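# Descriptive structure summary
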Amino acid sequence: MSRGRPAGLRPAWLAAGVVTVLAAMVLGLAFGTVSLPPGGVALEMLNLLPGVRVDSGLTEREIAILTQLRLPRVVLGLLVGGMLALAGAAYQGAFRNPLADPHLLGVASGAGLGVTVAIVLGAGAGDGMTSLPIGTPAAAFAGAVGAVALTWLLGAAGGRDRSPATLILAGVAVSAFLSAAQTFLLQRHVESLREVYSWLLGRLSTAGWHDVLVILPYAVITSAIVLAQRRELDVLTVGDAEATSLGLHPQRSRYLLIIAASLGTAAAVSVSGLIGFVGIIVPHTLRLLAGPGNRALLPLSVLFGAAFLTLTDLLARTAGGDAEIPIGVVTAFLGAPFFVLILRTSKAEPT
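## Observations regarding helix α3 (residues 60-95)
Think of an α-helix as 3.6 residues a turn; residues three or four steps apart then line up on the same face. Taking 1.5 Å as the rise per residue, α3 with 36 residues should run 52 Å; its terminal C-alpha atoms sit 51 Å apart, in good agreement. Largest kink in α3: about 45°, centred on Arg70, with the proline Pro72 one to four residues after it. With 30 of 36 residues buried, α3 lies mostly within the body of the structure. Just downstream of α3 lies Arg96, where phi reads positive at about 50°.

Quick look at the structure:
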């Protein structure tokens, strides 16, 4: 089994990922409506470490902007980006489909419907800066998990030995149904249209550490499960029959990966809205640069996905001048051409 075994995570790539995350974090903290010196920002971040005390040269006002306003948003972007990229890599490996992404199983549509219901039922119960009801994350998570369960049950209609393509088609059908239900609900409650629309475009605005604390436990659980399954995911790429002969239970491993990836995606969507294409852009770029082995691809997807969304959020905050561009719009501009490229290059690949 050693022959042809995918390479593991090389120290050079791990170091590159960590450096990229740190650089993206400093840039995200330094630039915005008020620009701060990147060197001073980096030094001030060192002051957050226990026992470290250096003079960053920043004023009290600049330190308040850095630690109270920008730092929670940047950390949230790191978590959301890491989860979406990790989920995309896991879905693509589990389904052996290069077009799979975190929205594949209806997670986005289910979360969108959950948020719509929360806004309609909790109108006027907003939580300040986000103006969304306090129960929005829980509603989005419930909707996303319900969508995954519905997709799973619909895929089971094809029998016990259903193929990955069956679940993909089931996810498309569930997404269409839930999107239609969301549209119908919005037509009945037009007064909530603006709030829902703002959320659907994707956002990382946060009034503090609340959203970070909401997503953190799910991020830890998802990362632990998916990264623990990275060797099994490499075995799944050779096909179910070969994987079974090697002692692996393909369906069990695949469903564990799907559930874990959906858990992380649902948590990310619940606090950030619908941010697409991160789960396609990051894993595919890493496959081209670092190789297809999941033992390296999955941890690198977390790091580079976190950096990618942080830099994308920086672009969304600064490119539009005084008006912030929704981050989902920016990722769509970047991701749509990338998706077309993948579609063209995957035509010759076996499904």
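That was the structure; now back to the text.
## Concerning the packing of aromatic side chains
According to the stated counting rule, one finds four aromatic pairs in the structure shown. Plain terms: the ring middles of Phe141 and Tyr218 are 5.1 Å apart, the flat faces sit at 35° to each other, and that makes the pair tilted. Note that Phe141 is positioned in helix α5 (residues 136-155) and Tyr218 in helix α8 (residues 210-228), a separation of 77 residues in sequence. The partly exposed category is assigned to Tyr218, whose relative accessible area is 27%.

## As for the nonpolar core
Leu29, Val80, Tyr91, Phe95, Ile215 and Val278 are the most contacted members of the largest nonpolar core, which has 84 residues in total. With near-sequence residues (within four places) excluded, Tyr91 lies in contact with Arg96, Ala100, Asp101, Pro102, Leu105, Val107, Ile258, Ala261, Ser262 and Thr265.

## Quick notes on the packing of helix α13 (residues 294-318) against helix α14 (residues 327-345)
Here α13 crosses α14 at 110°, and the two axes come no closer than 9 Å. Taken as axis vectors, α13 and α14 run roughly perpendicular relative to one another. Crossing handedness for the pair α13 and α14: right-handed. Contact with α13, carried on its side by Phe308, Leu309, Thr312, Asp313, Leu315 and Ala316, involves Ile327, Val330, Thr331 and Leu334 of α14 and no other residues of that element. Classifying every residue of the contact of α13 with α14 gives seven nonpolar, two polar and one charged.

## Some points on the pattern of salt bridges
Across all of its chains, the model carries four salt bridges by this definition. Here Arg295 makes a salt bridge to Asp234, at a shortest N to O gap of 3.8 Å. With Arg295 in helix α13 and Asp234 in helix α9 (residues 230-236), the pair connects residues that are 61 residues apart, well separated along the chain. For the pair Arg295 and Asp234, a shared accessibility class is recorded, and that class is buried. Of the charged contacts, one joins Arg317 and Asp313 as a salt bridge, the two residues approaching to 3.4 Å between their closest N and O atoms. Here Asp313 and Arg317 lie together in helix α13, a separation of four residues that amounts to about one turn. Neither Arg317 nor Asp313 differs from the other in exposure class; each is buried. Several salt bridges converge on common partners, so that one network encompasses Arg73, Asp313, Arg317 and Glu324.

How each quantity is defined
- Residues numbered from 1 in each chain as written.
- Predicted model: local features only at pLDDT ≥ 70, side-chain atom pairs only at ≥ 80, totals over all residues.
- Heavy atoms only, no water.
- Helix = DSSP H or I, 4+ residues; strand = E, 2+ residues; numbered from the N terminus.
- Expected span 1.5 Å × (residues − 1).
- Bend = angle between axes of the 7 residues up to and from the residue.
- Buried < 20%, exposed > 50% of the residue type's maximum accessible area, 1.4 Å probe, protein only.
- Phe/Tyr/Trp six-rings, centres within 6.5 Å; stacked < 30°, edge-to-face > 60°.
- Core = buried A, V, L, I, M, F, W, Y, C linked by side-chain atoms within 4.5 Å.
- Contact = heavy atoms within 4.5 Å.
- Axes fitted to C-alpha atoms, helices over the stretch in contact; angles between N-to-C directions.
- Parallel < 35°, antiparallel > 145°, perpendicular 65-115°, else oblique.
- Left-handed = near helix turned anticlockwise from the far one by under 90°.
- Nonpolar A, V, L, I, M, F, W, Y, C, P; charged D, E, K, R; others polar.
- Salt bridge = Lys/Arg side-chain N within 4 Å of Asp/Glu carboxyl O.

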